[in-house]
Amino acid sequence: MKLLRKYETPFEGLLNNWLNDESIGIPGIEHSIKTLPPVNLIESKESFTIEISAPGFNKEDFKIELDNFNLSVTIDKDDKINEAIQYSKREYNYNSFKRSFKLAKYSDIKKIDATYLKGILKIKIPKTKEAIPLPVQSIRIS
């Protein structure tokens, strides 16, 4: 059975070829989608949270490093593709990736916590006490 391709106008075809041309040294859009897992960045009053969707790994596969407020998350595994499988389309492949994040200067880097559950790596970065907004106070006039 042959899969149908989405119809492209000549301009879209040229644009897609140019954007996905790795011969000029720039990873194409399709390459980035396949190799970089999606990320959620969440900020609350007390902390920042980074969520990385990377299913199919063990927590030991992740390498998380902090270098002067630069946080990096890396996985580097051998891509053991079964040669007998013929992919018609392969939209994800997270065998190796690196995501980097510049943390705010008021991040409490000594209390960073990471968990990996159901394919989501969650990194919680508390804010320092100075960065947490104080509640509004009423000042009584005497």
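Preceding this section is the structure that the text describes.
As the structure is a prediction and not an experimental result, all values here were calculated from the model. Each chain has its residues counted from 1, following the order in which its sequence is written. Given that the model is predicted, a residue must reach a pLDDT of at least 70 before its local features are reported, and side-chain atom pairs must reach 80 or more before they are shown or counted; all residues, however, enter totals for whole chains, interfaces and linings. Hydrogens and water molecules were not included; the side-chain quantities draw on all heavy atoms of the structure.

Participant: Could you give an account of the sheet that holds strand β5 (residues 96–102), naming the residues involved and the relevant values?
Facilitator: At least two DSSP bridges between two strands are required for those strands to pair. In this description a helix means any DSSP run of H or I spanning at least four residues, a strand means any run of E spanning at least two, and both kinds are numbered starting from the N terminus. In space, the 3 strands of this open sheet follow the order β3-β4-β5, with antiparallel pairing throughout. One side of each edge strand has no neighbouring strand; the edge strands of this open sheet are β3 (63–67) and β5. Averaged over all neighbouring strand pairs, the angle between strand axes comes to 15°, with direction disregarded. Where strand β4 (residues 70–76) meets β5, 7 bridges bridge the pair, whose relative direction is antiparallel. Within the sheet, the bridge partner assigned to T74 lies in β5 and is K98. For helices, the axis comes from a line fit to the C-alpha atoms of the stretch in contact; other axes are also lines fit to C-alpha atoms, and the angle between any two N-to-C directions lies between 0 and 180 degrees.

Participant: How would you explain the side chain of K127 if you had to name every residue and give the values?
Facilitator: The residue K127 is located in the segment after β7 (120–126) in this model. Overall, the relative accessible area of 9% leaves K127 in the buried class. Polar contact is the term for a pair of N or O atoms within 3.5 Å; when the atoms are in protein, one must be able to donate a hydrogen and the other to accept it, and sequence-neighboring residues count only if both atoms are side-chain atoms. Polar contacts involving the side chain of K127 include one to the main-chain carbonyl oxygen of S44, which spans 2.9 Å. Only protein chains enter the accessibility calculation, which uses a 1.4 Å probe; a residue whose area is less than 20% of its type maximum is buried, one above 50% is exposed, and one in between is partly exposed.

Participant: Got a sec to walk through the pattern of salt bridges? Specific residues and values, please.
Facilitator: We count a salt bridge whenever a side-chain nitrogen from Lys or Arg sits within 4 Å of a carboxyl oxygen from Asp or Glu. Evaluation of the coordinates by the stated rule reveals 4 salt bridges. Residue K127 is joined to E43 by a salt bridge in which the shortest nitrogen-to-oxygen separation is 2.7 Å. Placement of the pair is K127 in the segment after β7 and E43 in strand β1 (residues 39–43), with a sequence separation of 84 residues.

Participant: Which residues make up the packing of aromatic side chains, and what values go with them?
Facilitator: To describe a pair of aromatic rings, you give the distance between the ring centres and the angle between the ring planes. The criterion for an aromatic pair is that two Phe, Tyr or Trp rings (for Trp, the six-membered ring) have centres within 6.5 Å, with stacked assigned to planes under 30 degrees apart, edge-to-face to planes over 60 apart and tilted to the rest. Taken as a whole, this structure holds 3 aromatic pairs when the rule is applied. Seen from their ring centres, F62 and Y116 are 4.8 Å apart, and the 55° between their planes marks the pair as tilted. Taken together, the residues span a long stretch of sequence, with F62 in the loop between β2 (47–53) and β3 and Y116 in strand β6 (residues 113–117) at a distance of 54 residues. Side by side, F62 and Y116 carry an identical accessibility label, which is buried. An aromatic cluster is defined as three or more aromatic residues linked by ring pairs; in this entry it consists of F57, F62 and Y116. The ring of F48 is capped by K127, whose NZ or CZ atom sits 5.0 Å from the centre of that ring. Cation placement over rings: the criterion is NZ of Lys or CZ of Arg within 6 Å of the ring centroid and within 35° of the ring normal.

Participant: Give a description of the pairing of β7 that names residues and reports values.
Facilitator: Burial along β7 is one-sided: the residues L121, I123 and I125 are buried and none of I120, K122, K124 and P126 is. Taken together, the 7 bridges between β2 and β7 define a ladder with antiparallel strand orientation. Considered in β7, the bridge of S47 is made with P126. Pairing between β6 and β7: 5 bridges, direction antiparallel. Residue pairing for β7: A114 is matched across the bridge by I123. Linkage of β6 to β7, two consecutive antiparallel strands, is achieved through a turn of 2 residues, within which K118 is found at a positive phi near 55°.

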